[in-house]
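Structural overview
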Amino acid sequence: QQQVKQSPQSLIVQKGGISIINCAYENTAFDYFPWYQQFPGKGPALLIAIRPDVSEKKEGRFTISFNKSAKQFSLHIMDSQPGDSATYFCAASKRTGNTGKLIFGQGTTLQVKP
Amino acid sequence: DAGITQSPRHKVTETGTPVTLRCHQTENHRYMYWYRQDPGHGLRLIHYSYGVKDTDKGEVSDGYSVSRSKTEDFLLTLESATSSQTSVYFCAISDGTGSYNEQFFGPGTRLTVL
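Turning to the packing of aromatic side chains, a few remarks are in order. Inspection of the entire model under this criterion finds 20 aromatic pairs over all chains. On the numbers, 5.5 Å between centres and 80° between planes, the contact of Tyr36(A) with Phe105(B) is edge-to-face. Highlighted residues: Tyr36(A) in strand β4 (residues 33–38) and Phe105(B) in strand β10 (residues 104–105), drawn from two different chains. The pair formed by Tyr36(A) and Phe105(B) is uniform in burial state, with each residue classed as buried. Geometrically, the ring pair formed by Tyr31(B) and Tyr33(B) is stacked, given 6.5 Å between the ring centres and 15° between the ring planes. For the pair shown, Tyr31(B) and Tyr33(B) are each scored as buried. Connected via pairs of aromatic rings, a cluster forms that spans Tyr36(A), Phe89(A), Phe104(A), Tyr31(B), Tyr33(B), Tyr35(B), Tyr48(B), Tyr50(B) and Phe105(B).

Turning our attention to the layout of surface pockets. Put simply, the largest pocket is a space of about 570 Å³. Every residue lining the largest pocket is counted, 31 residues in all, and those nearest its centre are Gln38(A), Gln37(B), Val88(B), Phe90(B) and Arg110(B). Secondary structure elements with two or more residues in the lining of the largest pocket: β9 (86–92) and β11 (108–113) of chain A together with β4 (31–38), β9 (87–94) and β11 (109–113) of chain B. Taken together, the residues of the lining of the largest pocket break down into 8 nonpolar, 19 polar and 4 charged.

Calculation notes
- Residues numbered from 1 in each chain as written.
- Chains lettered and ligands numbered in written order.
- Predicted model: local features only at pLDDT ≥ 70, side-chain atom pairs only at ≥ 80, totals over all residues.
- Heavy atoms only, no water.
- Phe/Tyr/Trp six-rings, centres within 6.5 Å; stacked < 30°, edge-to-face > 60°.
- Helix = DSSP H or I, 4+ residues; strand = E, 2+ residues; numbered from the N terminus.
- Buried < 20%, exposed > 50% of the residue type's maximum accessible area, 1.4 Å probe, protein only.
- 1 Å grid on protein atoms, 1.4 Å probe; cavity = no way out; pocket = protein on both sides within 12 Å on 5 of 7 lines; lining within 4 Å.
- Points joined across faces, edges and corners; volume = space filled by probe spheres on them.
- Nonpolar A, V, L, I, M, F, W, Y, C, P; charged D, E, K, R; others polar.

Spelled out as structure tokens, the structure:
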């Protein structure tokens, strides 16, 4: 069963445009929602993360929007650059027990065209 | 980059043979995780460890076993490899502290089972 559903599977954006990736989760006990960025041949790396007590978090050109009632969250990449071309994964976890286990979405491959 | 190495980085083996993948960390982090990455599935947790000799199953643990005899090493064993275990395997570590319990990923091991 897929507890975190991510869309779209792939995305092509022009340089300078806005990239939007969406995720939906089922388990209301999730209380930590990170986004990971992965370049080809590399392991994923944490990009930005949010807790459900806020509706938005911004770091530079990257913003997470969180809708607790809809159980959805999204990543917005403003002024997208070719260097942003990568695979992006949303994830969710429960901090109870603090084992840090993450449930990942299926991933979105982003291509930013020059 | 976090001090995580995985060995081997690439391996081709035949169905029915045992395979062991190694994850080594130099960060002295408490938590270690094994994930597999497959197209359309994102990253799925196989097993994790919350201390020396303390391990637990993830969502896709069938056919895999793990061991952690030292803080720095976490081994993943496929007792009898099958073609369905062809995948890219990532190790991750976390110190279990901080607001976001960030996981740091290794470079991955590409395993092909013929």
